[in-house]
Amino acid sequence: MNDQHIEPLGAKPAVEVRDIAEGPSFARRRWWTLLVVSGAQLLVVLDGTIVNIALPSAQSALGMSDASRQWAVTAYALAFGGLLLIGGRVSSALGHRRTFVIGLVGFAASSALGGAAVTPELLFAARALQGVFAAVLAPAGLSLLSTTFTEPRERGRAFGVFAAVGAAGSALGLVAGGLLTEYASWRWCLYINVPVALLALLGATRMQPDRPLRGDGPLDVAGALLSASGFAAVVYAFSEAESLGWDSSKVLALLTGGILLLAVFAVVEVRTPRPLLPMRVLLHRARAGALIAITLLFVAMFGFYLFMSYYTQTVLGYSPVQAGLALLINALAALVGSTLIAGRLHGRVPPGMLILPGLLAAAGGMFILTRLTPQSADVLPQYLAPALVLTGLGLGCVMPPTASLATANMHPRDIGAASAAYNASQQLGAALGTALLNTVAATTTASYLAAPHHATQTAASVHGYTAALTVAFGILVATACIVAPLTATRTAREADTQR
């Protein structure tokens, strides 16, 4: 497979000369960029889960109906997933730092609006606006990181920290959501974004400035409309499948329509001179492997988080805060995997030697939980803790090399698109995983209850959870088999330059 705009191996003299010329000051700016971008990444990831915990309280305070409450989550997911590719193009056209600042300001303002909402409609609109600004913030941040850190070992450490924040963010969102809702107010699950965004905004003023690309042509309007509507339709279909079932005419229509729109989008992108998502971004072998790995890992992991929350609260009787604190084991393991393992080994070993063991470690964690029964004793030390450690280490080992591969050695005008594609892969995986594995669990639970063996609700629920986690285990093993030949390279650096 070809990537027509890959820079030749070792073609980084401009960065090295500037680094020497500006000395320690420029080096400090690089690490300052990492801190600021990681803070913004935490905002984006946190908001994917923190509102879930606060939703029952928000529903009661604002008088939401059961049918409409999902829009507090769905509005964010649709706007974020649907507009990511456009956000990537905007980032390249305006300059990554400028776009990053716009995203931070907009995210803070829309978070404040949501926290102050007095009607359900205002909350839904604010959540949609959060998604819009997250769609420009996420690809701009990853692009800044990719263009700032080019030396292999520093790049490994930087992407390790960035991935640690992303990996731990979902679990931290559950903990923070529980604590804020229980001891403050559900509104603080939105207000908390404002000071974090303002601190990141202050830090952004010390980041190395970049320049927008000139002469990149007008926006690919057809591609923008097709990608936004196609991604939004697919994400919405996944969210509706949880309650309506996969055989619902609405879900099937949305899935069919979304897939057709994305197929037309691919045809348009091949033919347009200035595509929103150049196909060379996807057709690079190692980059394709990275995108497949992160998509399917998120399918499995978001189902895993969902069932950890359900199991610990409904079967073990944990409070929301206790359930969130249990997930901190996973967050700490992800931190170790991404910084102490993947971050240190980046540039020393081929990416596949991090991605494949990471996928298999996560699969091992899932497999442990498939052995659970309603009668299992010492669940936390014998089942939950080992599973949380293995899945966290796996997530931490996979995210840094996949994020690096997705954006490595790109032509400047393609970095925004590659960053957006990576973030879109995560969003699609998360939406599909939650819907697919929840459906498997619900269907299996119902069948178990209907069988003539007088099963209790607890036994049926545990059976449903283990069935869903068995599917997640199979997905991760299959992903390792698919990704192995795509990321197989003789050296670590060859992965960034293979043609």
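Residues numbered from 1 in each chain as written. Predicted model: local features only at pLDDT ≥ 70, side-chain atom pairs only at ≥ 80, totals over all residues. Heavy atoms only, no water.

Chemist: Help me out: how do you make sense of the overall build of the chain in this one?
Modeler: Across its full length, the chain holds 18 helices and zero strands. Expected size for 499 residues packed as a compact globule is a radius of gyration near 23 Å; at 22 Å, the chain falls within 12% of this value. Taken over the C-alpha atoms alone, the chain extends approximately 75 × 50 × 45 Å along its principal axes. Burial statistics for the chain: of 499 residues in total, 56% are counted as buried. Considering only contacts in the chain between residues 6 or more positions apart, those separated by 24 or more positions represent 83%. (Helix = DSSP H or I, 4+ residues; strand = E, 2+ residues; numbered from the N terminus. Rg over C-alpha atoms; globule rule 2.2 N^0.38 Å. Buried < 20%, exposed > 50% of the residue type's maximum accessible area, 1.4 Å probe, protein only. Contact = heavy atoms within 4.5 Å.)

Chemist: How should I be thinking about the nonpolar core in this particular structure?
Modeler: Nonpolar side chains in soluble globular proteins tend to end up buried together. Grouped together as the largest cluster of nonpolar side chains are 102 residues, with contacts concentrated most on F100, L297, F304 and L369. At 16 residues, helix α12 (residues 285–315) tops the list of elements feeding residues into this core. Non-local contacts of F100, meaning those with residues more than four positions away in its chain, are made with V36, V37, A40, L137, A140, G141, L144, A204 and M207. Counting 15 residues, the second largest nonpolar core, distinct from the first, contains I50, L62, M64 and W186. (Core = buried A, V, L, I, M, F, W, Y, C linked by side-chain atoms within 4.5 Å.)

Chemist: Would you explain the pattern of salt bridges in this entry?
Modeler: Where charged atoms of side chains with opposite charge meet at close range, the side chains can pair. Scanning the model with the defined rule gives two salt bridges in all. Among the salt bridges present, the one from E240 reaches K250, with a minimum N-O distance of 3.0 Å. Separated by ten residues along the polypeptide, E240 in helix α9 (residues 221–244) and K250 in helix α10 (residues 249–271) bring together distant segments of the chain. Look at E240 and you get buried, because its relative accessible area is 5%. Residues R280 and D414 are paired through a salt bridge, measuring 2.7 Å at the closest nitrogen-oxygen approach. With R280 in helix α11 (residues 279–283) and D414 in helix α16 (residues 412–450), this residue pair connects regions lying 134 residues apart in the sequence. A relative accessible area of 1% places D414 in the buried class. (Salt bridge = Lys/Arg side-chain N within 4 Å of Asp/Glu carboxyl O.)

Chemist: What should I look at first to understand the packing of aromatic side chains in this one?
Modeler: When we look at a pair of aromatic rings, we describe it by the centre distance and by the angle of the planes. Scanning all chains against the criterion turns up 13 aromatic pairs. Look at W71 and Y236: their rings are 5.3 Å apart centre to centre, the planes differ by 40°, and that puts the pair in the tilted class. Placement of W71 in helix α3 (residues 71–94) and of Y236 in helix α9 is noted, with a sequence separation of 165 residues between them. One aromatic cluster is present, formed by F298, F302, F304 and Y305 through successive ring pairs. Over the face of the ring belonging to W32 we find R206, whose NZ or CZ atom lies 4.6 Å from the ring centre. (Phe/Tyr/Trp six-rings, centres within 6.5 Å; stacked < 30°, edge-to-face > 60°. Lys NZ or Arg CZ within 6 Å of the ring centre and 35° of its normal.)

Chemist: Mind showing me how you'd approach a nonpolar patch on the surface here?
Modeler: A surface patch of nonpolar side chains, about 190 Å² in accessible area, is lined by L113, L129 and V132. If you trace the backbone, L113 turns up in helix α4 (residues 96–115). Take L113: its relative accessible area is 33%, and that puts it in the partly exposed class. (Patch = residues over 30% accessible without salt bridge, like charges linked within 9 Å, V, L, I, M, F, W, Y side chains within 5 Å. Areas by Shrake-Rupley, 256 points an atom, 1.4 Å probe, with all protein chains shown as cover.)

Chemist: Help me understand a positive patch on the surface in this model?
Modeler: A cluster of like positive charges, contributed by R153, R157, R344 and R348, occupies part of the molecular surface. Its location among the elements puts R157 in helix α6 (residues 152–183). Taking the relative accessible area as the measure of exposure, R157 reaches 41% and is therefore partly exposed. (Lys, Arg positive; Asp, Glu negative; His and termini not counted. Charge placed at Lys NZ, Arg CZ, Asp CG, Glu CD.)

Chemist: When you look at unusual backbone geometry in this model, what are you seeing that I'm missing?
Modeler: A negative phi angle is the norm for most residues apart from glycine, just as the trans form is the norm for most peptide bonds. Positive phi, close to 50°, is recorded for D378, a residue that is not glycine. Note that D378 resides in the loop between α14 (352–369) and α15 (379–407).

Chemist: Is there a simple way to think about the layout of surface pockets in this case?
Modeler: Rolled over the atoms, a probe with the dimensions of a water molecule shows which regions are left empty. Space inside the largest pocket adds up to approximately 1,500 Å³. As for the largest pocket, its lining consists of 46 residues, and the residues nearest its centre are G48, N52, V73, E242 and T434. Those elements that provide at least two residues to the lining of the largest pocket are α1 (13–46), α2 (50–62), α3, α6, α9, α12 and α16. (1 Å grid on protein atoms, 1.4 Å probe; cavity = no way out; pocket = protein on both sides within 12 Å on 5 of 7 lines; lining within 4 Å. Points joined across faces, edges and corners; volume = space filled by probe spheres on them.)

Chemist: Help me understand the environment of I341, please; the structure alone is not making it clear to me.
Modeler: Following the sequence through the fold, I341 ends up in helix α13 (residues 320–345). You can call I341 partly exposed: its relative accessible area is 30%. Put simply, I341 and G396 are 55 residues apart on the chain and 8.2 Å apart in space, counted from C-alpha to C-alpha.

Chemist: Got a minute to help me understand the environment of S65 in this structure?
Modeler: Examined against the element boundaries, S65 turns out to sit in the loop between α2 and α3. The spatial distance from the C-alpha of S65 to the C-alpha of P120 is 9.2 Å, given a sequence separation of 55 residues. Reaching out from S65, the side chain makes a polar contact with the side chain of S68 at a distance of 2.9 Å. (Polar contact = N/O pair within 3.5 Å; in protein donor to acceptor, adjacent residues only side chain to side chain.)

Chemist: Please explain the confidence of the model for the chain as it appears in this structure.
Modeler: Note that predicted coordinates carrying low pLDDT should not be read in detail. Across the chain, the average pLDDT comes to 84, with 90% of residues at 70 or higher. This model gives residues 490–499 a pLDDT under 50, and the stretch forms 34 contacts once residues within four places in sequence are excluded. (pLDDT = per-residue confidence, 0-100.)

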